[in-house]
Amino acid sequence: MDRHVIDGVPINQLLFVHISLMMTFPPLIRSQRLRACLVLTFASMVFPAAAEDLPATSTNEGVALQHAITDLTKTFGDRYPGGKDFLVRLDAMARLPQLPREDFEKLRREALLANPLVSGQPLLYVVRSQYRADHHNTETMFQTGECNTGSYEPGGPLKALDLAHNGDTRVVADPGPEGRVRDPDVHFDGKRIVFSMRQNIRDNYHLYEINADGSGLRTLTSAAGVFDIDPLYLPDDNLVFTSSREPKYCMCNIHIMGNLFRMEGDGANILQIGKSTLFEGHGSLLPDGRLLYDRWEYIDRNFGNAQGLWTANPDGTNHAGYYGNNTPAGGVVLDPRAIPGTDLVLCILGSCHDRPWGALAILDRRRGVDGKAPILRTWPAAAIDRVADPGTPNGGFDAFTGVNPKYEDPYPLSDKYFLCSRMTGQGEQMGIYLVDVFGNEILLHSEGAGCYDPMPLAPRPRPPVIPTRRDFKNAEGYVYVQNVYLGTHLKDVKPGSVKFLRVVESPEKRYWTEPGWNGQGVERPGMSWHDFNNKRILGTVPVETDGSAAFALPSDRFVYFQLLDENGMMIQSMRSGATVQSGEWVGCVGCHDERRAAPPSLTGINPLALKRPPSRLNGWHGPARMFNYLTEVQPVFDQHCVRCHDYGKEGGKKLVLAGDRGLIFNASYVNLWTKGTLTVVGAGPPEILQAYSWGSHPSRLTRFREGTNKHTDVKLTAEEMERIATWVDLNAPYYPSYASAYPRNPYGRSPLDDGQLGKLRQLGVSTGIIDLSFDRPEISPGLATLPKDDPRYKEALAIIRAGQEALKKNPNPDSPGFVACETDQQRERKYQQRVEIELRNRAAIRDGRKVYDTPPSAIP
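Rules of the game
Residues numbered from 1 in each chain as written. Predicted model: local features only at pLDDT ≥ 70, side-chain atom pairs only at ≥ 80, totals over all residues. Heavy atoms only, no water. Core = buried A, V, L, I, M, F, W, Y, C linked by side-chain atoms within 4.5 Å. Buried < 20%, exposed > 50% of the residue type's maximum accessible area, 1.4 Å probe, protein only. Helix = DSSP H or I, 4+ residues; strand = E, 2+ residues; numbered from the N terminus. Pairing = 2+ DSSP bridges. Axes fitted to C-alpha atoms, helices over the stretch in contact; angles between N-to-C directions. Phe/Tyr/Trp six-rings, centres within 6.5 Å; stacked < 30°, edge-to-face > 60°. Lys NZ or Arg CZ within 6 Å of the ring centre and 35° of its normal.

## Some points on the nonpolar core
One finds Trp296 and Trp727 to be the most contacted residues of the largest nonpolar core, which totals 116 residues. At seven residues, the largest contribution of residues to this core is made by helix α13 (residues 791-809). Within the second largest apolar cluster, 64 residues are counted, among which are Ala68, Val126, Phe438 and Cys451.

## A few points about the sheet that holds strand β13 (residues 271-272)
Through backbone hydrogen bonds, the strands of a sheet pair up, either in parallel or in antiparallel fashion. In space, the four strands of this open sheet follow the order β10-β11-β12-β13, with antiparallel pairing throughout. Each edge of the open sheet carries a strand with a single partner, namely β10 (228-233) and β13. By the bridge criterion, five bridges tie strand β11 (residues 239-243) to strand β12 (residues 259-263) in an arrangement that is antiparallel. When the sheet's bridge partners are listed, Thr242 is paired in β12 with Leu260.

## A word on the sheet that holds strand β15 (residues 291-296)
Strand order in this open sheet of four strands is β14-β15-β16-β17, and the pairing throughout is antiparallel. Two strands bound the open sheet, and with one partner strand each, they are β14 (279-285) and β17 (320-323). The mean inter-strand angle of the sheet, taken between neighbouring strand axes irrespective of direction, is 35 degrees. Of the strand pairs in this sheet, β15 and strand β16 (residues 307-312) are connected by six bridges, and their pairing is antiparallel. For Leu291, the partnering residue across the bridge sits in β16 and is Ala312.

## A short note on the packing of aromatic side chains
One pass over the full model with this rule turns up 28 aromatic pairs. Judged by centre distance (6.4 Å) and plane angle (70 degrees), the rings of Tyr249 and Trp512 are edge-to-face. Residue Tyr249 is located in the loop between β11 and β12, and its partner Trp512 is located in the loop between β28 (500-505) and β29 (536-542); the two are separated by 263 residues in the primary sequence. Joined through ring pairs, the aromatic side chains of Trp517, Trp529, Tyr629, Phe665, Tyr669, Trp673, Trp727, Tyr734, Tyr735 and Tyr747 make up one cluster. Seen from the ring of Tyr452, Arg128 lies directly overhead, with NZ or CZ sitting 3.6 Å from the centre. Sitting over the ring of Tyr205, Arg198 keeps its end group 5.6 Å from the ring centre.

By themselves, these are just geometric observations and shouldn't be taken as functional.
Below, the structure written as structure tokens:
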């Protein structure tokens, strides 16, 4: 269920205003004049002027330059005094039999550098090498104490380039020989710069501020054991940045992630405003004052093409998808910036397993929220063919690794002229380039290993301040759904069929192990057969007969919603997450509705869910808790099925439903996944799927009373049937926690180490994931090839029994008595320490006090 914004105003707020008018002033809202005003207002917001066309790009160098000179002359007049002379010189060259290459290059550089947007002020930039390749494009921080700290490399200084004075450069901030600067942002007055800096490999990236002339360096953040990057100034002079202050790891590997945080301009009262389970970065401002950022997160879907653009208010309310959340190729969209004077965005189309570079692109969201149609232009031009629409063949989530040259750090100077970093052709070196919509592309400056983050060191417009729409009580927010039947993927969903809405939390990953399970990607440790997430059901709420729902939701939880029928079986499910802040009200029009459209008129209609207090979440067969297959589902099979479906029994030849624990999962879990009984999405495609296409409705497991092998003698209670169906609808998870008791053993779960398993194989015992039973070692399928009087059998059985004893003393998190390994306990202590600091900061905001990482100070 997607939340929407129209011209900076969330649709849910417009709905509540509309509804409040109806409830408070019914005669007024029924007047024809007011209804007409409301219709015209909505129409003007939802149906803006047609998407603009960009000037045609010319592949003829002379024509491209002529168009740029003509445009600059028209736009800047006397501020571009050489325009007429440039055109005369260009015309003279065009009349020659052969274009004089050297003279043309000189003219092109002279004419384009005379652009006041380029030479009218210094350009700020960073000198550094490209980040070392790692697991993912977000992995550039190399935080201390993490898996890739050793990939950190010293960089270079923050500098200013003056193209009006022969390309002179000066150092603004020098991190020293072992340090590195990154991610600068210039204040609206052009007099201050905020940036991230690391002093050496033993340090982490922290935020600093400096005057534009290089004086007055000040420390803003200094927390130990976390990184702070990607700072940006807000219209109220506060700052937003990305940080690992909530320590969490990517679910498909072991790398530290980051969320959006906000702080006051002097570094006080740092507050988390983003709660997605992976990474939120490259924040910038839209003209209306909202944040635009790239976000990597996945629920019940593939990890690789799950990094689109999102928006949020600066207080952390109203996070909403913007573009690319369901795009299969081109589904990695980075570093977005609004193009001045337009509704367009300049961004990078990249790849999952790459650095944060790729193709430069112009995006027009009015043409769509996914796929190729919204992409107006790319550099290189052919890169647009790598973008795929949902449901079409594509090159996958790493489709843009083959782009050459690669671009990074886009910065629009106007609607036609852009700065960026781009490959110079010398290996991975990046230079500062000027790119325009006419087809011109010139290198402005290069030095050292590369130049990044180019931007004008000058004043710029300040967007409006969006008022705070939340409180800091750490309580709950409120969600309203107008009509769950309004949506794009609700085929065959009849009105009245949806009875409940289930709220499921997808918690963050706080721990990891070196060994993993390659079910889909790399689960480290193993979590489920083909997905990464663990789940917690927070509760279900009623859906009214008109399709509306309203409920209270705990703040700071990353959740998704499922529509259920009268039997509690899933009809449709979100595969992306949502959050609310304390005191926030947020609304959805429907379920996967068209995010660019207005909601249907509510004139004279009062949604039933708004006639009562918001529903309360009620857990699931008890208090909300992490879903554990072994305790929630296996008891149903033990009660009704194992008497037939067990090892050595007739039913077991087709399907084993016994609960014997193996190397990673138990026997029934593996059998259900491998024997075709489940229709679940796993870590599925990025596209939104149709209702009823997966889950308990189409799964054979929940239809065991049908077909030729009817189990009419099996009588399950309603609760037992619901437990099975709910497990399937949650995408058939297994473990409740990422924490591990055996972090060095196979899969991060096996009670036997590599040496013991190697010995079993030497003895002729198969060691597949269900070949060993640690509950009944003697019936382990892997022993079947050995006669019981064979000494090898006895030795092998002793090893399996050793695993049984290990699990008794130190069980996995699927069993009672689990205790996490010491490393995971340390990670949990750090996590809780950061939670305490977050709560301290919120208390300071409530009380009107200021707290800091350390007191603000200037650096000599």
